[in-house]
Amino acid sequence: MKWNYKKDIPYGDISINRIEDNDYLFRTLTIASFIEITSNVYEKNLSVYYRDDASTVQWLEDVWEPEEIQHGESLKKYIETVWPEFDWERHYETFLKNYLPLCTVESLEPTKAKEMIARMVVETGTSTFYKAMATYAEELGEPVLEDLCRKISKDEVYHFEMFEKVFKKHKEEENLSKKEILKVLYDRLKEINNEDVKIAYEALGSDGSYDEYMRQTGTFAKKYYPYKMAAKMFIRPLGLNDNFENVIATTVKPAFKILGI
Ligand SMILES: [Fe+2]
Ligand SMILES: [Fe+2]
């Protein structure tokens, strides 16, 4: 791991008064912490699925899982520092009860290359999400959160790149066509506001509805979300050359806005 939240994040320096009333921030960070901290379940499933691919399994176990769990732990500590009245453990239990049944090996894509496309889409989502959060934290004047989100975002970009390497390896073996790649991308795009966020939101036991929260997220995204970065990463599995990738990314960009992410 390139950083360690126990020594690299100065939780004692958080500008608590600038954010403690920010309910949207509280909900969003807590949802992220729930999902991240549960990455061990996903890692187990992926390790079973890629068991013939020893170097990938080793990387998943030694690097990917500890890094994802650290994202969750570092956010949890942030939440407990700013909002100590929130019983994180109790709400997390509710989340787990509803989330675990969705995490099965059967829910993975039908082939190894296709599952890697799905992983790349997820890492596109996380790296751009934390980038948006870092920009937001900067605007709120909370440098500890800004720094934490930048660190996490960088890790997610690195995960994306590693998954891309694994994808390329299996893509050759499976002889995957551009049309097949597009199909996986398209299916994943439709699911981008997916079930896990909704389950995590509901486990918070907030007053407001999930739809209202998603409307707030839409407004947040318009202001802070790095659409161009998302579009470029999203189409990466197609393996286009740089110029063409830029053109297509510009074309795809508005689709993300319509989706309200
Ligand atoms: Fe993460
Ligand atoms: Fe990641």
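Summarised in this report is the structure supplied together with it. It should be emphasised that the depicted structure is a prediction, and the values quoted were computed from it without experimental measurement. (Residues numbered from 1 in each chain as written. Chains lettered and ligands numbered in written order. Predicted model: local features only at pLDDT ≥ 70, side-chain atom pairs only at ≥ 80, totals over all residues.)

### Structural notes on the overall build of the chain
Put simply, the test is: Runs of E in the DSSP output that reach at least two residues are strands. Runs of H or I that reach at least four are helices, and both are numbered from the N terminus. Between the two quantities, the radius of gyration covers C-alpha atoms and the globule rule is 2.2 Å times the number of residues to the power 0.38. Residues with at least 20 other C-beta atoms within 10 Å of their own are called buried, those with 12 or fewer are called exposed, and the rest are partly exposed. The C-beta atoms themselves are positioned from the backbone.
If you tally the helices and strands in the chain, you get 13 helices and 0 strands. Secondary structure elements in the chain, listed N-terminal to C-terminal, are α-α-α-α-α-α-α-α-α-α-α-α-α. Here the C-alpha atoms of the chain give a radius of gyration of 18 Å, agreeing with the 18 Å that 2.2 N^0.38 yields for 261 residues. Oriented by its inertia axes, the alpha-carbon framework of the chain measures out at about 55 × 40 × 35 Å. Residues classed as buried in the chain amount to 35% of the 261 residues present.

### Here's the deal with the packing of helix α3 (residues 23–37) against helix α10 (residues 195–204)
This is how it is decided: Geometry is summarised by axes, namely lines fitted to C-alpha atoms with helices restricted to the contacting stretch, and by angles between N-to-C directions that run from 0 to 180 degrees. In this scheme, a crossing is called left-handed if the near helix is turned counterclockwise away from the far one by less than a right angle; it is called right-handed if the turn is clockwise. Two residues qualify as being in contact provided that their C-beta atoms, derived from the backbone, are within 7 Å of each other.
Taken N-terminus to C-terminus, the directions of α3 and α10 make an angle of 115°; their axes are 9 Å apart at the nearest point. Both α3 and α10 take part in a crossing whose hand is right-handed. Counting all contacts with α3, which are made through Arg27, Thr30, Ile31, Phe34 and Ile35, the residues of α10 involved are Asp196, Val197, Ala200, Tyr201, Ala203 and Leu204.

### Regarding the nonpolar core
Here is the rule: Here, a nonpolar core means buried Ala, Val, Leu, Ile, Met, Phe, Trp, Tyr and Cys residues linked by C-beta atoms lying within 7 Å of one another.
If you look at the biggest cluster of nonpolar residues, it comprises 53 residues, and the most contacted ones within it are Phe34, Ile117, Met133, Cys149 and Ala200. Ranked by the residues each element gives to this core, the list is headed by helix α7 (residues 112–140), at 13 residues.

### Structural notes on unusual backbone geometry
Comment: phi is negative for the bulk of residues other than glycine, and the bulk of peptide bonds are trans. Phi angles above zero are rare outside glycine, and Asn175 is one such case at about 55°. Relative to the assigned elements, Asn175 resides in the loop between α8 (143–174) and α9 (178–190).

### Some points on the environment of Thr94
Among the secondary structure elements, Thr94 is positioned in helix α6 (residues 88–99). Linking Thr94 and Pro143, residues 49 residues apart in sequence, is a C-alpha distance of 31 Å.

### Details of the packing of α7 against helix α12 (residues 227–234)
As a reminder of what qualifies: By the definition adopted for this analysis, an angle is roughly parallel if under 35 degrees, roughly antiparallel if over 145, roughly perpendicular if from 65 to 115, and oblique otherwise. Residue type decides the class: Asp, Glu, Lys and Arg count as charged, Ala, Val, Leu, Ile, Met, Phe, Trp, Tyr, Cys and Pro as nonpolar, and the leftover types, Gly among them, as polar.
Where α7 meets α12, the closest approach of the two axes is 9 Å, and the angle between their N-to-C directions is 165°. In this view, α7 runs roughly antiparallel relative to α12, as classed from their interaxial angle. The chirality of how α7 crosses α12 is right-handed. Note on element contacts: α12 touches α7 through Met229, Ala230, Met233 and Phe234, opposite Val121, Thr124, Thr128 and Lys131. Across the contact of α7 with α12, the residue classes break down as 5 nonpolar, 2 polar and 1 charged.

### A word on α12
Where we set the bar: What the arc describes is the spread of directions from the helix axis to the C-beta atoms.
Among all positions of α12, only Tyr227, Ala230, Ala231, Met233 and Phe234 are buried. Taken down its axis, α12 places every buried residue within 165° of arc, on the same side.

### Here's the deal with the environment of Gly125
Structurally, Gly125 is set in helix α7. For Gly125, a count of 19 C-beta atoms within 10 Å gives the class partly exposed. Spatially, the C-alpha atom of Gly125 lies 24 Å from that of Val48, the residues being 77 residues apart in sequence.

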